[in-house]
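Okay, here's what each chain looks like letter by letter:
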Amino acid sequence: MSYQKLAKDILQSVGGEENVSSLTHCVTRLRFMLKDNNKADKEKLEKLDILQVVESAGQFQVVIGMHVPEVYKEITKISNIGSGNESAAEDGGKSNGKKKSKIFDVIQGSFSPIIPAILGSGMLKALIGILVMLGWLSPESGTYFILSAAANAVFYFLPIILGVTFGMKMGVNPYVAGTIGAALLEPNFTGLLQHGDKSSFIGIPVVLMTYSSTVFPVILAVSTYAVLERFLKKIVHKDLQTLVIPMLSLMIVVPLTVIVFGPFGVYIGNALASAISFAMGKSAILTTFVFGAVSIPVVIMGLHWALVPVMISNLATIGYDHLLGPVQATAFVGAGIALGVFLKTKDKNIRSTSLSSFIPAFLSGITEPVIYGLFFRFKRVFIIAIIMNAIAAGLCGAFGVKATQMAGGIFVIPTFQPVWGYVISMGVGFFGAMLLVLLFGYEEKKKAPENALEADNKDAKELTVASPLTGSVKALSEVNDPAFSSEAMGKGVAVEPAEGKAVSPVNGVISNVFRTGHGIYITSDEGTEILIHIGIDTVKLKGQHFSPQVKEGDRVKRGDLLVSFDLDKIKEAGYEVTTPIIITNSSTYKNIARTEKETVRINETLLSLTL
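None of the values given here were measured: they were computed from a predicted structure. (Residues numbered from 1 in each chain as written. Predicted model: local features only at pLDDT ≥ 70, side-chain atom pairs only at ≥ 80, totals over all residues. Heavy atoms only, no water.)

Engineer: What exactly am I supposed to notice about the overall build of the protein here?
Structural biologist: When helices and strands are tallied, the protein shows 19 helices and 22 strands. When contacts within the protein are restricted to residue pairs at least 6 apart in sequence, those whose partners lie at least 24 apart make up 71%. Carbon and sulfur atoms form 59% of the exposed surface of the protein, whose accessible area is close to 28100 Å². (Helix = DSSP H or I, 4+ residues; strand = E, 2+ residues; numbered from the N terminus. Contact = heavy atoms within 4.5 Å. Areas by Shrake-Rupley, 256 points an atom, 1.4 Å probe, with all protein chains shown as cover.)

Now the structure itself:
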């Protein structure tokens, strides 16, 4: 793989450097904040040597895999982006225009650079624990204390490190932000605790607390510094800003932090930890089971970063976290699925994908390759993953599993408490997922013995899907909805209907009828899964102007009426009536070709599918 060429192609496909507000990366994906997501060419991107393109929480994410640092490095070489000092506020909130998106971007961008240090410290803690357990290292020796210092440093000095990274994301001087965090750990200040838990600042009472290993106080402090700095830049002469603004910022923000934000931040951290403990105390099994059931979709949407500050805060302050055990269930379940697919399939490409997904998940707890390489590709394994993840996570709750660090994989098993509970939980997830794949398959599609319209030829390898509508034919790329135009839901075609009725395009069974009547899923007798989605955003009509004629489970023949709808009233309500017809199991077919006709009538051939 040429990282330089891939970096150049990715940058070009997202709309060029001028379309990028900021760029960061995590373990497996590039995370772009684009000025205009519509300028990015997802179809072109997905043809590159990447795993997946995901739009979530305002970010345009390109999932690459374990080579993402190399690609990121090449992008920074050929452009002026990704240098680490992008501000979430630089574009004045115009990029994507959503505060929620900015919050997730700031959280991810602040914690992502710290994760390797935390993972490395976790691995070192695991090694120290193993050496002590084996009697090869004495806890009284200088070697033990030096190694422990290396393992504990990132947590103790977290306010400083987080101050720097959070400052970068807030667009302020990161070293002044880090100095604000350092002030909370300075010996003269911490020494005040020797004389009690109260002091004063120019007569104002100060509640003294220990800020080592805390997360939220420095976040509140640097947020205040960001607001203050922007204000000071407006009133301080430009020639004096380099000297005056840092001095005034430290002089104002540090006292405010120890008087207000520091204690408040500690209370926030304690409240969140107490909330988790409360839920665990009420029903640890139910809490972790539900968490395990939703964690994979949460990771896919990129929303897991909202939990990272809470987990790190728990590790740093109370020494353990209840949710990190269930989090690691995803890695072992994913590894089990990958191994099951590897053993089950005969397809060389799928074997390669499954093996390359298994290794990082099993050894180091990295799940993106298996999520985007297998879960997204095969619906059945995605369902298996959610079920087994919930079960494994629920067992963690039943056994009271606690994580003492953030790293995953087999090498850090001794760091979880109790070890036997964690081993049983992860073992059930791993072997259960693998066995389910071996028993039920990974959704390897059966080849249809006959054509949807010409059932007389049992050896036919080409199927056809008739048109459910009469109207003009359009490419999916012309549909004004990225879920369809990007082919994220599958390949297909769109029809601009000329009359208000849709019929069945195949012989088969109704898999689902949307409650609002605007969408119908059909599974043909040959296994083709078809979605007919009438109009764009017509779900907002809540069923008005649609009259479904079938229900889930009904058997239909080609040409049977599925739904009637009022074209004029839908248009009067302001909605487009363009209707995508999607083959949702597109990966089954080698080729899906649409008719070359510009207009089509009901029952005429619309799509040709090659097995």
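Engineer: Sorry, what's going on with the sheet that holds strand β16 (residues 546–548) here?
Structural biologist: Working definition: the strands of a sheet are paired by backbone hydrogen bonds and lie parallel or antiparallel to each other. Read from one edge of the open sheet, three strands run β12-β18-β16, paired in antiparallel fashion. Looking at the sheet topology across the chains shown, the edges are occupied by β12 (501–503) and β16. Geometrically, the sheet is characterised by an average inter-axis angle of 15° between neighbouring strands, direction not taken into account. With three bridges connecting them, β16 and strand β18 (residues 561–565) associate as antiparallel partners. Residue pairing for β18: Pro548 is matched across the bridge by Val563. (Pairing = 2+ DSSP bridges. Axes fitted to C-alpha atoms, helices over the stretch in contact; angles between N-to-C directions.)

Engineer: Could you clarify how one ought to interpret a nonpolar patch on the surface in this entry?
Structural biologist: Taken together, the side chains of Leu286, Phe289, Val290, Val294, Ile383, Ile387, Ile391, Trp420, Ile424 and Val428 define a hydrophobic patch exposed on the protein surface, amounting to about 870 Å² of accessible area. Secondary structure elements with two or more residues in the nonpolar patch: α11 (241–300), α16 (379–399) and α17 (419–440). With four residues, α11 is the largest single contributor of residues to the nonpolar patch. Relative to the elements of secondary structure, Val428 occurs in helix α17. Overall, the relative accessible area of 32% leaves Val428 in the partly exposed class. (Patch = residues over 30% accessible without salt bridge, like charges linked within 9 Å, V, L, I, M, F, W, Y side chains within 5 Å. Salt bridge = Lys/Arg side-chain N within 4 Å of Asp/Glu carboxyl O. Buried < 20%, exposed > 50% of the residue type's maximum accessible area, 1.4 Å probe, protein only.)

Engineer: How should helix α6 (residues 142–156) be read in this particular structure?
Structural biologist: Every α-helical turn comprises 3.6 residues, leaving residues that sit three or four positions apart pointing alike. In this model α6 runs 19 Å from its N-terminal to its C-terminal C-alpha over 15 residues, within 8% of the 21 Å that 1.5 Å per residue would give. Approximately 35° is the largest bend angle found in α6, and it occurs at Ala150. (Expected span 1.5 Å × (residues − 1). Bend = angle between axes of the 7 residues up to and from the residue.)

Engineer: Even after reading the chapter, I still don't get the packing of helix α13 (residues 324–344) against α16, so can you show me in this structure?
Structural biologist: Helices that pack against each other are described as a pair by the angle of their axes relative to one another and the distance between those axes. The N-to-C vectors of α13 and α16 enclose an angle of 140°; their axes lie 8 Å apart at closest approach. Taken as axis vectors, α13 and α16 run oblique relative to one another. In this structure, α13 meets α16 at a crossing whose hand is right-handed. Only Val381, Ile384, Ala385, Met388, Asn389, Ala392, Ala393 and Cys396 of α16 make contact with α13, whose side of the interface consists of Gly325, Pro326, Ala329, Thr330, Val333, Ile337 and Val341. Of the residues contributing to the contact of α13 with α16, the split by class is twelve nonpolar, three polar and no charged. (Parallel < 35°, antiparallel > 145°, perpendicular 65-115°, else oblique. Left-handed = near helix turned anticlockwise from the far one by under 90°. Nonpolar A, V, L, I, M, F, W, Y, C, P; charged D, E, K, R; others polar.)

Engineer: Honestly, the sheet that holds strand β9 (residues 462–466) in this entry has me stumped. Any pointers?
Structural biologist: In spatial order, the strands read β9-β22-β20; together these three strands make up an open sheet with antiparallel pairing. Both outer strands of the open sheet, β9 and β20 (591–594), are each paired with one neighbouring strand and no more. Averaged over neighbouring strand pairs, the angle between their axes works out to 20° when direction is ignored. Sheet analysis places β9 next to strand β22 (residues 605–610), joined by five bridges and oriented antiparallel. Each residue of the ladder has a partner; that of Leu463, found in β22, is Leu609.

Engineer: Would you take a moment to explain the environment of Glu17 for this structure?
Structural biologist: Mapped onto the elements of the fold, Glu17 is located in the loop between α1 (3–13) and β1 (20–25). Along the sequence, Glu17 and Ile81 sit 64 residues apart, while their C-alpha atoms lie 7.3 Å from each other. Beyond its immediate sequence surroundings of up to four residues, Glu17 is in contact with Leu11, Ile78, Ser79, Asn80 and Ile81.

Engineer: Can you help me understand the environment of Ala593 in this one?
Structural biologist: Structurally, the position occupied by Ala593 is in strand β20. A residue is classified by how much of its surface remains accessible, and Ala593, at 29% relative accessible area, is partly exposed. In this view, Ala593 contacts Leu606, Leu607 and Ser608; residues no more than four positions away in its chain are not counted.

Engineer: What am I meant to see in the pairing of strand β4 (residues 59–63) here?
Structural biologist: When a strand is regular, its side chains alternate between the sheet's two faces. Across the five residues of β4, five count as buried, placing the element largely inside the fold. Burial along β4 is two-sided: Gln59, Gln61 and Val63 facing one way and Phe60 and Val62 facing the other are all buried.

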